[in-house]
There are 6 protein chains.
Amino acid sequence: MRVDGRRADELRGLSFEVGWKTQGDGSCLVRSGGTVVLCVASVDEGVREFLRGRGQGWVTAEYLMHPRAGARRQSRDGFNGRSLSGRSQEIARLIGRSLRAVVDLKALGERTITLDCDVIEADGGTRTASVNGAMVALAVALSSLQAKGALPRPCLLGVASGVSAGLVDGAALLDLCYREDHVADMDLNVVADDAGRLIELQASAESSPLAREAVDGLVSLALKGAATIFEAQRAALEGAGVSLGALRAAP
Amino acid sequence: MRVDGRRADELRGLSFEVGWKTQGDGSCLVRSGGTVVLCVASVDEGVREFLRGRGQGWVTAEYLMHPRAGARRQSRDGFNGRSLSGRSQEIARLIGRSLRAVVDLKALGERTITLDCDVIEADGGTRTASVNGAMVALAVALSSLQAKGALPRPCLLGVASGVSAGLVDGAALLDLCYREDHVADMDLNVVADDAGRLIELQASAESSPLAREAVDGLVSLALKGAATIFEAQRAALEGAGVSLGALRAAP
Amino acid sequence: MRVDGRRADELRGLSFEVGWKTQGDGSCLVRSGGTVVLCVASVDEGVREFLRGRGQGWVTAEYLMHPRAGARRQSRDGFNGRSLSGRSQEIARLIGRSLRAVVDLKALGERTITLDCDVIEADGGTRTASVNGAMVALAVALSSLQAKGALPRPCLLGVASGVSAGLVDGAALLDLCYREDHVADMDLNVVADDAGRLIELQASAESSPLAREAVDGLVSLALKGAATIFEAQRAALEGAGVSLGALRAAP
Amino acid sequence: MRVDGRRADELRGLSFEVGWKTQGDGSCLVRSGGTVVLCVASVDEGVREFLRGRGQGWVTAEYLMHPRAGARRQSRDGFNGRSLSGRSQEIARLIGRSLRAVVDLKALGERTITLDCDVIEADGGTRTASVNGAMVALAVALSSLQAKGALPRPCLLGVASGVSAGLVDGAALLDLCYREDHVADMDLNVVADDAGRLIELQASAESSPLAREAVDGLVSLALKGAATIFEAQRAALEGAGVSLGALRAAP
Amino acid sequence: MRVDGRRADELRGLSFEVGWKTQGDGSCLVRSGGTVVLCVASVDEGVREFLRGRGQGWVTAEYLMHPRAGARRQSRDGFNGRSLSGRSQEIARLIGRSLRAVVDLKALGERTITLDCDVIEADGGTRTASVNGAMVALAVALSSLQAKGALPRPCLLGVASGVSAGLVDGAALLDLCYREDHVADMDLNVVADDAGRLIELQASAESSPLAREAVDGLVSLALKGAATIFEAQRAALEGAGVSLGALRAAP
Amino acid sequence: MRVDGRRADELRGLSFEVGWKTQGDGSCLVRSGGTVVLCVASVDEGVREFLRGRGQGWVTAEYLMHPRAGARRQSRDGFNGRSLSGRSQEIARLIGRSLRAVVDLKALGERTITLDCDVIEADGGTRTASVNGAMVALAVALSSLQAKGALPRPCLLGVASGVSAGLVDGAALLDLCYREDHVADMDLNVVADDAGRLIELQASAESSPLAREAVDGLVSLALKGAATIFEAQRAALEGAGVSLGALRAAP
């Protein structure tokens with residue numbers, strides 16, 4: 001029995017409010033248990049210096065905590081002359097890579113889609129909630145580009161879904177909340193596409209190295225969770241009138 | 001007839017969702033027409049260096065735009081080595097001063113209440129919407145301190161309510177939306193307390209200096225608007241079980 | 001009787017040393033009681049990015065305290081990796097807006113005039129002293145542009161004059177010195193043009209909200225003071241061979 | 001046949017010059033093919049704020065590229081007001097976590113060991129080369145603390161060894177050089193301890209998601225490589241008179 | 001015949017307005033030809049971290065250009081997130097070292113004297129003018145400390161006087177103005193004490209290396225100039241009622 | 001007898017490992033007693049803004065300490081939002097000026113050569129060791145440009161060699177090590193060309209002003225030392241197949 005009464009392989013309550021925000025080319029307020037993230041997609045024409053003239057687009061992300069996302073107020077990260085923390089940069093890079101893995105950047109053309117992920121409440125799993133919500137916001141933005149005829153062809157290669165897993169007191173648990181995450185032996189995050197293939201796999205055993213078999217078990221658990229999350233993303237998008245089928249690039 | 005169909009002295013639709021956020025000692029999502037601001041109060045024991053040992057508390061604010069608060073994505077202000085813009089600092093200072101004017105800082109004791117005002121959507125009047133929402137969040141936080149017996153005596157001296165007014169094509173208009181603000185001859189912001197007294201008055205006639213009588217007319221218009229806003233704040237707080245009467249310091 | 005022996009509606013001793021500095025397109029050392037500010041105008045061809053191609057010029061300001069402007073040395077504001085304080089930015093923005101309100105930016109053409117206001121001694125009223133001195137330096141710079149034939153037509157729309165007023169122990173006082181400013185109930189600053197119209201009005205009642213009538217009285221007091229300051233500015237400019245009449249745009 | 005003539009499961013030439021630097025509590029110049037990293041351990045008494053009074057030590061790392069580590073000079077990362085790049089921070093955090101996983105921080109006591117990893121030449125695999133060299137430098141520093149009687153008991157829990165693997169044109173290759181890394185379908189880095197358990201596993205498939213089986217194959221390949229690297233680390237330490245046996249904590 | 005009509009070994013017109021500024025523990029507006037520097041001494045109790053508990057004081061300096069010290073406006077150095085330029089730091093360090101060389105820091109006690117040198121007009125020789133003016137401001141500050149009985153014994157060991165010299169078209173010239181400095185083969189700056197001993201000697205021959213004899217000639221020329229400057233400093237201080245004799249430490 | 005057994009006019013052991021680093025257009029690991037500096041030349045086409053269109057090149061330097069160059073770890077200078085220390089900037093500027101003095105920048109053409117000087121071990125004399133090593137790396141880079149036919153004519157005007165001298169307990173000593181430098185009465189650094197002419201002369205007598213004769217004696221001592229250093233530089237370059245004769249510009 002887990003701290004919040006879930007089974008070992010059970011996800012927390014998950015919801016996506018698509019179009020929560022008025023401004024933006026796609027937005028989604030994702031709730032995963034006590035974690036809440038506002039994900040907003042913005043499309044800008046043009047790409048950054050290092051990509052110019054290559055005939056391709058870019059997808060990038062920013063990830064930031066609201067100062068009162070947790071039980072105590074924290075100074076705003078990366079703000080007022082301070083560098084953005086390594087943790088926030090790492091997560092922003094993870095989100096960006098995960099989404100680029102499912103977009104045909106050539107088909108996107110010379111535009112940049114930025115996914116702003118603002119963590120409103122933090123109760124564990126903020127990075128994977130951000131991937132999931134940003135994925136939904138991105139799909140909305142692509143749908144709207146497609147509706148405007150701005151894309152030469154569909155450019156979605158898949159759907160990215162992320163989830164954490166960890167070993168707590170010897171038990172493999174899916175989708176850790178903060179209290180579990182805090183005491184877990186290994187912190188593992190998986191991002192998969194909707195075909196069950198791996199996009200990102202990050203496992204860290206700072207407190208104590210783990211046998212490979214245990215890690216393999218956690219990966220299996222997470223992949224199952226990711227498949228369920230994909231269904232929730234698909235349903236939320238459909239509810240908002242966005243059909244994944246129409247967005248998908250031909251194989 | 002105004003761009004959005006309002007009368008000259010009519011406020012935009014105004015709502016306060018008290019307790020919108022789980023974490024925080026008081027929170028409020030304020031909507032004023034198309035403008036949306038998330039206001040969150042955090043209480044911390046202790047005060048900054050310059051106040052230590054004076055037996056008084058402090059109320060301060062941060063004001064920040066979501067990068068996609070408007071029609072185009074902007075870089076995050078004050079972020080990643082950039083200084084916070086003068087505009088954002090000015091507004092944060094205005095919010096802090098307005099709220100300190102209605103709090104008995106001695107009765108608050110050596111604690112700091114920080115009001116984080118994050119503008120989610122910007123359609124004009126973000127600074128006064130922030131004052132109004134932060135006022136509500138502050139009242140919730142004070143109510144909860146009082147309920148815990150942490151205050152020696154009630155410390156609310158009044159309620160701060162702010163609104164803008166401006167001259168557009170010779171007409172004095174209340175509570176400008178972005179399209180009006182953009183073309184107004186004078187940009188005037190008033191913060192008043194619930195007794196109709198002035199806390200802040202800022203008028204700026206960059207495009208063309210204004211006769212004093214015209215300014216006086218705008219102030220009158222704004223003071224009437226502030227009185228209406230106060231009623232909405234009071235009602236929202238009551239709806240959330242916070243009675244202003246119980247919070248008020250004895251005269 | 002005020003702390004320095006003045007009547008309630010009396011300005012402090014005021015002088016403008018026009019051309020105090022050799023380098024610069026216009027300069028003025030303004031003394032207002034114990035406050036001393038060096039104001040220097042610099043004309044540069046071209047405008048910043050956001051104005052390019054609009055066929056108009058820009059007037060902007062920087063405001064900075066000498067580290068020993070007061071009784072104790074302070075670290076240089078905005079220096080060595082620190083952000084410029086919100087207060088300094090606010091004042092710089094006020095000076096810029098005040099001067100732009102009296103310049104026909106189209107007639108100025110695509111050039112930028114920067115007014116550097118360095119506070120040498122601070123004894124209250126540094127922001128309005130800066131407006132007044134910067135106005136004089138700006139007029140000298142415009143005069144010299146006009147003499148060179150660089151302006152298609154006169155571009156001065158008026159003269160900006162600023163002064164503070166405040167309520168001390170119930171008495172409305174003009175042009176507060178530091179000791180008065182420190183204990184005033186309301187801090188009010190007015191910038192007017194020489195036709196008595198308002199350019200900027202900023203009133204702040206942090207310690208205790210003020211009835212509107214009291215504020216109105218302070219505005220009236222300040223407007224009278226501004227008219228006297230205008231005479232001093234005019235006289236100083238004439239003494240330096242600059243005739244306001246010749247600089248003024250046709251109505 | 002690989003670009004540099006190696007077999008698919010063959011490591012690049014690997015050497016550790018222990019004690020390359022005079023100053024430092026342990027140092028090692030690690031060469032792995034064309035990649036060269038100077039790793040230096042510094043022991044300081046005391047720990048950072050967040051750990052004080054917990055009776056434990058800390059191991060941390062900095063990772064930085066020499067401006068001419070590659071074919072063209074780059075500006076120094078994190079230097080002269082710029083934030084340290086997300087990539088450098090990510091790698092520094094990875095090195096720190098990897099080493100903390102093999103140190104009994106309680107036995108270390110309230111001291112901080114910093115591992116400075118300066119990449120002199122970059123030809124792929126700089127993060128794992130840094131882990132490997134930093135591990136050697138750390139062991140030397142621990143050995144010297146132990147010799148001084150500064151440790152209550154041995155505190156080494158294992159040896160961290162890292163290596164990359166990737167899929168290039170469908171082939172699973174070990175220890176990618178820059179030219180391979182550049183075109184690989186997946187970039188996978190493993191850090192294992194000398195018992196073959198996983199400390200860190202990072203896999204990223206930005207260009208194209210990968211079936212789980214393929215990832216599993218890369219992990220197996222990398223674990224074999226890590227075992228070989230451990231032997232080289234052990235031999236280098238022995239050559240420098242440091243016996244791992246003496247440093248190891250009792251199980 | 002020099003560009004400004006001087007003889008080769010002739011100083012520019014030199015004046016020290018002692019007490020030019022009201023606030024400050026000593027101040028001096030030094031004019032040397034077209035160069036004008038405001039030098040202000042501030043005494044603070046206590047010393048920086050690295051000196052605490054050593055029973056000695058410190059003398060330090062800041063050197064900064066007014067943005068319009070020259071013919072064109074420059075951005076403020078070291079301001080708004082930019083690092084202070086290497087040149088400004090170098091000069092501030094030179095001023096600090098020069099003054100510390102003539103102060104008995106033990107006798108000064110645990111206080112810090114900061115010399116703010118703000119260059120108002122720059123026409124060559126700003127660093128030596130700053131040394132000379134700061135020396136005068138420092139003497140006034142020491143005199144006032146002594147008058148208050150705050151010093152256990154006199155602490156002035158000598159008087160620092162600085163001047164430049166250079167080779168222009170083969171001629172050794174003293175005290176270069178900007179137009180000469182710009183074309184000089186060698187830029188040499190000397191700071192000497194009033195006994196003719198060297199405190200600082202900096203010679204730089206970027207454009208073309210110089211024979212030692214030529215350098216020796218310039219040093220001789222500069223030492224003569226420094227002796228004359230010392231007389232002007234002494235006279236200015238006496239005019240302000242400060243007797244060097246009374247300030248001098250016993251030999 | 002000196003602390004390390006040398007005669008007063010004896011240099012420390014000096015060696016130049018030319019080509020120590022693989023990447024770079026010229027590199028050299030210079031060892032001077034316990035001081036070790038890695039000097040790397042990088043050639044980039046183009047020059048910075050301020051030189052564009054003048055048909056000349058530029059030579060510049062960066063100087064940085066490894067955090068563990070000394071007996072205790074120091075935070076990385078200029079790193080992570082901190083400004084580069086004044087000392088490091090001063091030294092980088094000295095190296096740059098010294099090398100520009102011996103290069104015909106017109107003949108170099110519109111390219112920039114950057115010399116990165118990373119101090120690996122610091123035992124006194126790091127600035128002059130950097131000049132000496134950077135000179136060697138620069139010569140290698142010029143030789144390689146010449147071999148490629150990229151230079152219209154030879155552009156080396158001389159060889160820069162630097163060394164320190166100082167007065168310790170009344171004795172004039174050459175090439176101070178850290179323990180001597182620490183207690184020296186004067187810190188003097190000379191950079192000369194191979195014709196014995198002075199490029200840079202910096203003498204600082206912070207602790208106690210020095211008679212000119214004593215300074216002259218130190219300069220003589222240093223010039224002799226520089227001549228010996230030149231021979232070592234020439235020999236090291238010849239050993240690496242670089243003939244100074246071929247690089248030299250016609251007189």
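So, here is what we can say about the structure in this document. Predicted model, so just to flag it, every value in this text is computed and none were measured.

Procedures and definitions
Residues numbered from 1 in each chain as written. Chains lettered and ligands numbered in written order. Predicted model: local features only at pLDDT ≥ 70, side-chain atom pairs only at ≥ 80, totals over all residues. Heavy atoms only, no water. Contact = heavy atoms within 4.5 Å. Buried area = accessible area lost by both parts, 1.4 Å probe. Salt bridge = Lys/Arg side-chain N within 4 Å of Asp/Glu carboxyl O. Polar contact = N/O pair within 3.5 Å; in protein donor to acceptor, adjacent residues only side chain to side chain. Helix = DSSP H or I, 4+ residues; strand = E, 2+ residues; numbered from the N terminus. Buried < 20%, exposed > 50% of the residue type's maximum accessible area, 1.4 Å probe, protein only. Pairing = 2+ DSSP bridges. Axes fitted to C-alpha atoms, helices over the stretch in contact; angles between N-to-C directions. Parallel < 35°, antiparallel > 145°, perpendicular 65-115°, else oblique. Left-handed = near helix turned anticlockwise from the far one by under 90°. Expected span 1.5 Å × (residues − 1). Core = buried A, V, L, I, M, F, W, Y, C linked by side-chain atoms within 4.5 Å. Least-squares fit on C-alpha atoms with pLDDT ≥ 70 in both.

Observations concerning the interface of chain E and chain C
Reports of interface size often rely on the accessible area that becomes lost once the parts have come together. Each partner contributes to the interface: chain E provides 36 residues, whereas chain C provides 37 residues. Here chain E and chain C share an interface that buries about 2,900 Å² over both sides, 47% of which is from carbon and sulfur atoms. Of all residues in chain E, the largest losses of buried area upon contact with chain C belong to Arg68(E), Arg73(E) and Phe79(E), amounting jointly to 22% of the total for that side. Taken together, the connections running from chain E to chain C amount to 16 salt bridges. Taking the shortest distance from any N to any O, the salt bridge between Arg76(E) and Glu62(C) comes out at 2.9 Å. Along the contact surface separating chain E from chain C lie 27 residue pairs in polar contact (both at pLDDT 80 or more). Sorting the residues of the side of chain E that touches chain C by element identifies strand S3 (35-45), strand S4 (58-65) and strand S5 (111-121) of chain E as the ones contributing at least two each.

Observations concerning the pairing of strand S9 (residues 198-204) of chain C
Both faces of the sheet carry side chains from a regular strand, because those side chains alternate between them. Burial analysis of S9(C) places 7 of its 7 residues in the buried class, the great majority of the element. Note that strand S9 (residues 198-204) of chain B and S9(C) share 5 bridges and pair antiparallel. Residue Ala203(B) lies in a different strand from S9(C), and its bridge partner there is Leu201(C). In this structure, strand S8 (residues 187-192) of chain C lies alongside S9(C), joined through 6 bridges in antiparallel fashion. Its bridge partner being in S9(C), Ala192(C) is matched across the sheet by Leu198(C). Linking two consecutive strands that pair antiparallel, namely S8(C) and S9(C), is a turn of 5 residues; a positive phi of about 80 degrees is found at Gly196(C) within it.

With respect to the pattern of salt bridges
Summed over the entire model, instances satisfying the criterion amount to 167 salt bridges over all chains. In this structure, Glu10(D) engages Arg7(D) in a salt bridge whose closest nitrogen and oxygen atoms are separated by 3.7 Å. Three or more residues joined by partner-sharing salt bridges are found here, namely Arg2(A), Asp4(A), Arg6(A), Arg12(A), Asp123(A), Asp175(A) and Glu180(A).

Focus: the sheet that holds strand S1 (residues 14-18) of chain B
By way of backbone hydrogen bonds, the strands of a sheet pair with one another, either parallel or antiparallel. All names here are of chain B. Spatially, the 5 strands line up as an open sheet ordered S1-S2-S3-S5-S4, and their pairing is mixed. Every interior strand has two partners, whereas the edge strands, S1 and strand S4 (58-65), have only one. Along the sheet, successive strands turn relative to each other by an average axial angle of 20 degrees, direction set aside. By the bridge criterion, 7 bridges tie strand S2 (residues 26-32) to strand S3 (residues 35-45) in an arrangement that is antiparallel.

Some details on the environment of Arg76(C)
Along the chain, Arg76(C) falls in the loop between strand S4 (58-65) and helix H1 (86-100). By relative accessible area, Arg76(C) is classed as buried at 8%. Each C-alpha atom, one on Arg76(C) and one on Ser161(C), is 28 Å from the other, the two residues being 85 residues apart in sequence. Among all residues touching Arg76(C), those that are not within four sequence positions of it are Pro67(C), Arg82(C), Glu62(E), Leu64(E), Asp116(E) and Asp118(E). Here Asp116(E) takes part through its side chain, which lies 2.9 Å from a polar atom of the side chain of Arg76(C).

Let's talk about the packing of helix H1 (residues 86-100) of chain D against helix H3 (residues 126-147) of chain D
Residues and elements named next belong to chain D. One way to put it is that H1 packs onto H3 with a least axis distance of 10 Å and a crossing angle of 40 degrees. Regarding the angle of H1 to H3, the classification is oblique. Pair H1 / H3 crosses with right-handed handedness. Between H1, through Arg87, Glu90, Ile91, Leu94, Ile95, Ser98 and Leu99, and H3, the contact on the second element is made entirely by Thr126, Arg127, Ser130, Val131, Ala134, Met135 and Leu138.

Describing helix H3 (residues 126-147) of chain F
Along an α-helix, a turn takes 3.6 residues, which lines up residues three or four apart on a common side. All names here are of chain F. Across its 22 residues, H3 extends 31 Å between first and last C-alpha, which sits within 8% of the 32 Å expected from 1.5 Å per residue. The buried count for H3 comes to 18 of 22 residues, which makes it a mostly enclosed element. At the C-terminal side of H3, Gly149 shows a positive phi close to 75 degrees.

Side note on the nonpolar core
With 54 residues, the main nonpolar core has Ile95(F), Leu99(F), Leu108(F), Ile113(F), Leu115(F) and Leu142(F) as its most contacted residues. When sequence neighbours within four positions are dropped, the list of residues in contact with Leu142(F) reads Leu108(F), Ile113(F), Leu151(F), Cys155(F), Leu156(F) and Leu247(F).

Regarding the relation of the copies chain E and chain C
If you rotate chain E by 180 degrees and push it 0.0 Å along the axis, it lands on chain C with an RMSD of 0.0 Å. Here the transformation between the copies is reduced to the relation of a two-fold axis. Looking at the interface residues of chain E, 100% of them are also at the interface in chain C, so both copies use one shared face.

Structural notes on the sheet that holds strand S8 (residues 187-192) of chain A
On the basis of which strands lie adjacent, the open sheet formed by 8 strands has the order S7(A)-S6(A)-S8(A)-S9(A)-S9(D)-S8(D)-S6(D)-S7(D) and antiparallel pairing. Edge strands, defined here as strands with exactly one partner in the open sheet, are strand S7 (171-174) of chain A together with strand S7 (171-174) of chain D. Recorded for the sheet is a direction-independent mean angle of 15 degrees between the axes of neighbouring strands. Here H1(D) sits on the sheet and contacts strand S9 (198-204) of chain A together with strand S8 (187-192) and strand S9 (198-204) of chain D; the angle it forms with S9(D), its principal contact strand, is near 155 degrees. Running over the sheet, H3(D) touches strand S6 (161-168), S8 and S9 of chain D and is turned about 160 degrees from S6(D).

Details of the side chain of Ser130(C)
Residues and elements named next belong to chain C. Topologically, Ser130 is positioned in helix H3 (residues 126-147). At 2.7 Å, the side chain of Ser130 and the backbone oxygen of Thr126 are in polar contact. Leave out the neighbours within four places in its chain, and Ser130 touches Val37, Cys39, Tyr63, Ile95, Cys117 and Val119.

A closer look at the arrangement of the chains
The two units chain C and chain D are non-contacting; their minimal C-alpha-C-alpha distance is 8 Å. As for chain E relative to chain A, no contact occurs, and the smallest C-alpha gap between them is 8 Å.

Some remarks on the pairing of S8(C)
All names here are of chain C. Burial within S8 is extensive, with 5 of its 6 residues counted as buried. Summarising the sheet, strand S6 (residues 161-168) and S8 pair through 6 bridges and their orientation is antiparallel. Paired with Val163 across the strands is Val190, a residue of S8.

Brief notes about the environment of Gly13(E)
Residue and element names in this part refer to chain E. Of note, Gly13 is situated in the segment before strand S1 (14-18). Between the alpha carbons of Gly13 and Ser32 there is a distance of 5.6 Å; along the sequence they are 19 residues apart. Ignoring sequence-local partners within four residues, the contact set of Gly13 consists of Arg31, Ser32 and Gly33.

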